[in-house]
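# Structural description and commentary
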Amino acid sequence: MGERQTYICRLSWCSRLQLWRFSGLPYSQRDPHCLKMKLVLALIVALQVSACLCEAPQPSKELVDKYEGLKATFYKRLVNAYKKAHETLGPLAEGTITGNKAKEIAEKVKEDVRAQHAAKVFAGVAEELEPIVEKARLAALGAYEEYLRPYIGEQLDHAINIIKPVLDTWLPAEEQ
């Protein structure tokens with residue numbers, strides 16, 4: 001501690017208040033009651049903000065429908081891509097050692113009791129988590145609509161409309 005700080009620490013409370021009055025500090029920093037009021041006000045504001053964050057805004061029906069449509073199309077694209085990859089790579093892998101080994105491993109996993117039980121457990125966990133995931137998804141959509149959509153909604157929609165023709169060419173949703 002410096003010499004000035006040591007001197008201030010040795011002063012009584014009244015003397016410190018007198019020193020603060022003449023120190024050139026703003027009144028709000030000199031008055032201890034004012035600091036306490038600032039602390040109380042900050043606490044009230046923090047509690048108000050935390051209470052507001054607990055209530056997630058609900059998304060509109062239009063946004064939910066748009067999201068569900070895009071999600072369904074995306075899943076169709078993935079399923080179609082998997083089918084095409086399976087149709088293309090399946091015949092190529094049949095005559096190879098690696099392909100035969102992969103088929104043996106897949107058959108063993110299908111027959112394994114532990115793998116069947118693990119699949120049932122994962123299916124049950126996914127079923128139990130579905131409402132929680134749906135609630136989180138709706139909360140995220142509501143937050144997006146409330147806070148981000150006014151600023152980036154048009155650009156995001158424009159980008160999606162630009163990407164759709166490219167995806168239709170390289171990763172179509174419908175089988176051709």
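Residues numbered from 1 in each chain as written. Predicted model: local features only at pLDDT ≥ 70, side-chain atom pairs only at ≥ 80, totals over all residues. Heavy atoms only, no water.

Below, the discussion takes up the packing of aromatic side chains. Taken as a whole and assessed by the stated rule, the structure comprises one aromatic pair. An angle of 45° between the planes, with centres 6.3 Å apart, marks the rings of phenylalanine 74 and tyrosine 75 as tilted. A relative accessible area of 46% places phenylalanine 74 in the partly exposed class. Taking the relative accessible area as the measure of exposure, tyrosine 75 reaches 47% and is therefore partly exposed. (Phe/Tyr/Trp six-rings, centres within 6.5 Å; stacked < 30°, edge-to-face > 60°. Buried < 20%, exposed > 50% of the residue type's maximum accessible area, 1.4 Å probe, protein only.)

Viewed as axis vectors pointing N to C, helix α5 (residues 61–94) and helix α7 (residues 113–170) meet at an angle of 50°, and their least axial separation amounts to 10 Å. Accordingly, the angle class assigned to the pair α5 and α7 is oblique. By crossing handedness, the relation of α5 to α7 is classed as left-handed. Residue-level inspection shows Glu62, Leu63, Val64, Lys66, Tyr67, Glu68, Leu70, Lys71 and Arg77 of α5 in contact with α7, the latter providing Glu134, Arg137, Leu138, Leu141, Tyr144, Glu145, Arg149, Asp157, Ile160, Lys164, Leu167 and Asp168. Taken together, the residues of the contact of α5 with α7 sort by class into nine nonpolar, no polar and 12 charged. (Axes fitted to C-alpha atoms, helices over the stretch in contact; angles between N-to-C directions. Helix = DSSP H or I, 4+ residues; strand = E, 2+ residues; numbered from the N terminus. Parallel < 35°, antiparallel > 145°, perpendicular 65-115°, else oblique. Left-handed = near helix turned anticlockwise from the far one by under 90°. Contact = heavy atoms within 4.5 Å. Nonpolar A, V, L, I, M, F, W, Y, C, P; charged D, E, K, R; others polar.)

Okay, the confidence of the model for the protein next. Confidence along the protein averages 81 in pLDDT terms, with 77% of residues attaining 70 or more. Of all the helices and strands in the protein, helix α1 (residues 3–10) carries the lowest mean pLDDT, 47, while α7 carries the highest, 93. In this model, residues 4–14 is a region of pLDDT below 50 whose contacts with residues beyond four sequence positions or in other chains number eight contacts. (pLDDT = per-residue confidence, 0-100.)

A contiguous nonpolar patch, built from Val121, Val125, Leu129, Ile132 and Val133 and spanning about 430 Å² of accessible area, is present on the exposed surface. Mapped onto the elements of the fold, isoleucine 132 is located in helix α7. (Patch = residues over 30% accessible without salt bridge, like charges linked within 9 Å, V, L, I, M, F, W, Y side chains within 5 Å. Areas by Shrake-Rupley, 256 points an atom, 1.4 Å probe, with all protein chains shown as cover. Salt bridge = Lys/Arg side-chain N within 4 Å of Asp/Glu carboxyl O.)

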